[in-house]
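Take a look at the letters that make up each chain.
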Amino acid sequence: MTKGDVIYEGKAKVMYATDSPDKVLVYFKDDATAGNGEKHGVIQDKGIINNKISEYFFKLLKTNGINSHFVEVVSDREMLVKKLNMIALEVVVRNVAAGSLAKRLGLEEGTALKVPVLEYFYKSDELGDPMLNRYHIMAVDIASLQELDEIEHIAFCVNTIMKDNLRAKNVDLIDFKLEFGRDEKGKIILADEISPDNCRFWDMSTHEKLDKDRFRHDMGGVEEAYKEMLTRLTM
Ligand SMILES: Nc1ncnc2c1ncn2[C@@H]1O[C@H](COP(=O)(O)OP(=O)(O)OP(=O)(O)O)[C@@H](O)[C@H]1O
Ligand SMILES: [Mg+2]
């Protein structure tokens, strides 16, 4: 595999072309942002940890029948993935009220939800990632009804598989954000990353936050929390 030109540099990762037209190389940076990019910082070794944690979850999902864009990890900070046509949606699944949902519904952070909640957000920095429902998505042709059914089926399976796996490690899966793309045949494929950057992980006994919220809310112990999550997953 030969590393080619930069295709896209985002807030947390850089995407490189490779000598295989259907593969891209993801480089995980230590950069961290919050509040739609208003807040910027560096979490030391976050890129290395998120690369390993994403590898862990993509492999876990694969053994449970959920395919993703994951091909292989090629270095500390680099992952080879299938190149996809990304769907401009952030798909959030929530088991416990936190972040914007707690605010929107006036719920205390930590309130258990009777059923898992799925939310769609339009992946648009200019528009500030507005929340969408199925009709908005179909009306502006972001995805079809069949594709939304497929996306929701995968998202809820991911929730069950990750929740069960993390419970054994004394971690509560509070919520997470997924991204999807279409492969060359138009098939819906799970993409992007699964890490403390786009998931909320709480210690099941102490409710200690083991994710990017420590950075978002200047709680300190950020690097330690990312390392703790990697340790728990790989022990
Ligand atoms: N398999 C894939 N093929 C093509 N693009 C992908 C794939 N997986 C993820 N991407 C895209 O690559 C980019 C990854 O970079 P990054 O996550 O830093 O960017 P961002 O999403 O713009 O920023 P942020 O996640 O901080 O909002 C995203 O735009 C993501 O949608
Ligand atoms: Mg991203």
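**Student:** Any details on the overall build of the chain? Residues and values, ideally.
**Tutor:** Looking only at helices and strands, the chain features 6 helices and 14 strands. By principal-axis analysis of the C-alpha atoms, the chain measures approximately 45 × 40 × 35 Å. Counting over 235 residues, the chain shows a buried share of 51%. Within the chain, residue pairs in contact and separated by at least 24 positions form 56% of the contacts whose partners lie at least 6 positions apart. Carbon and sulfur atoms provide 52% of the accessible area of the chain, an area that totals close to 11400 Å². When the 33 positive and 41 negative side-chain charges of the chain are each reduced to one mean point, those points stand 2 Å apart.

**Student:** Can you lay out the side chain of R232 for me, pointing to particular residues and giving the numbers?
**Tutor:** Tracing the sequence through the fold places R232 in helix 6 (residues 222-234). Residue class for R232 comes out buried when judged on its relative accessible area of 10%. Once residues within four sequence positions are removed from consideration, R232 is found in contact with K169, N170, V171, D203 and L210.

**Student:** Residue-level account of the sheet that holds strand 6 (residues 70-75), with values.
**Tutor:** Strand pairs in the sheet, formed through backbone hydrogen bonds, run parallel or antiparallel to each other. Pairing is antiparallel across the open sheet formed by 5 strands, whose spatial order is 1-2-3-7-6. Each edge of the open sheet is held by one strand with a lone partner, namely strand 1 (3-9) and strand 6. Direction aside, neighbouring strands of the sheet carry axes that sit 30 degrees apart on average. As paired strands, strand 2 (residues 13-18) and strand 3 (residues 23-28) are joined by 5 bridges and run antiparallel to one another. Bridging across to strand 3, M15 finds its partner in V26. Packed on one face of the sheet, helix 1 (residues 46-63) meets strand 3, strand 6 and strand 7 (78-82) and runs near 150 degrees to strand 6.

**Student:** Describe unusual backbone geometry, naming the residues involved and giving the relevant values.
**Tutor:** Where the residue is not glycine, phi is negative for most of them; where a peptide bond is considered, it is trans in most cases. For D129, which is not glycine, the phi torsion reads 50 degrees and is therefore positive. Here D129 shows up in the loop between strand 10 (112-122) and strand 11 (131-132). In this structure, N170 takes a positive phi of about 60 degrees despite not being glycine.

**Student:** Provide a residue-level description of the site of ligand 1, including the pertinent values.
**Tutor:** Lining the immediate surroundings of ligand 1 are 16 residues, of which Y8, A12, K13, K123 and E179 lie closest. A distance of 2.7 Å separates an oxygen atom of ligand 1 from a polar side-chain atom of Y8. Isolated, ligand 1 exposes 610 Å² of accessible area, and the fraction of that covered by the protein chains is 87%. Residue assignment for the shell around ligand 1 shows that the elements contributing at least two residues are strand 2 and strand 7.

**Student:** Can you lay out the state of the cysteines for me, pointing to particular residues and giving the numbers?
**Tutor:** What makes a disulfide is a covalent bond joining the sulfur atoms belonging to two cysteines. Scanning the model with the defined rule gives 0 disulfides in all. The thiol sulfur of C199 is not disulfide-bonded, and the nearest other cysteine sulfur, from C157, lies at 16 Å.

**Student:** Which residues make up the domain arrangement of the chain, and what are the values?
**Tutor:** For the chain, the assigned domains are domain 1 (3-82) and domain 2 (85-221). Here the C-alpha centroids of domain 1 and domain 2 sit 17 Å apart. The interface of domain 1 with domain 2 comprises 26 residues on the first partner and 26 residues on the second. Interface area, domain 1 with domain 2, both sides summed: about 2100 Å², of which 62% is carbon and sulfur. The largest share of the area that domain 1 buries against domain 2 comes from K39, F57 and I66, three residues that together contribute 23% of it. Between domain 1 and domain 2 we count 5 salt bridges in total. The residue K13 makes a salt bridge to D192 at a minimum N-O spacing of 3.0 Å. Linking domain 1 to domain 2 there are 14 residue pairs in polar contact (both at pLDDT 80 or more). At the level of secondary structure, the elements contributing two or more residues to the side of domain 1 that touches domain 2 comprise strand 4 (31-34), strand 5 (39-42) and helix 1. Among the elements that make up the side of domain 1 that touches domain 2, the one with the highest residue count is helix 1 (9 residues). The class makeup of the residues in the side of domain 1 that touches domain 2 is 12 nonpolar, 10 polar and 4 charged.

The rules behind these values
Residues numbered from 1 in each chain as written. Chains lettered and ligands numbered in written order. Predicted model: local features only at pLDDT ≥ 70, side-chain atom pairs only at ≥ 80, totals over all residues. Heavy atoms only, no water. Helix = DSSP H or I, 4+ residues; strand = E, 2+ residues; numbered from the N terminus. Buried < 20%, exposed > 50% of the residue type's maximum accessible area, 1.4 Å probe, protein only. Contact = heavy atoms within 4.5 Å. Areas by Shrake-Rupley, 256 points an atom, 1.4 Å probe, with all protein chains shown as cover. Lys, Arg positive; Asp, Glu negative; His and termini not counted. Charge placed at Lys NZ, Arg CZ, Asp CG, Glu CD. Pairing = 2+ DSSP bridges. Axes fitted to C-alpha atoms, helices over the stretch in contact; angles between N-to-C directions. Near = heavy atom within 4 Å. Polar contact = N/O pair within 3.5 Å; in protein donor to acceptor, adjacent residues only side chain to side chain. Disulfide = S-S within 2.5 Å. Domains from an automatic or database assignment. Buried area = accessible area lost by both parts, 1.4 Å probe. Salt bridge = Lys/Arg side-chain N within 4 Å of Asp/Glu carboxyl O. Nonpolar A, V, L, I, M, F, W, Y, C, P; charged D, E, K, R; others polar.

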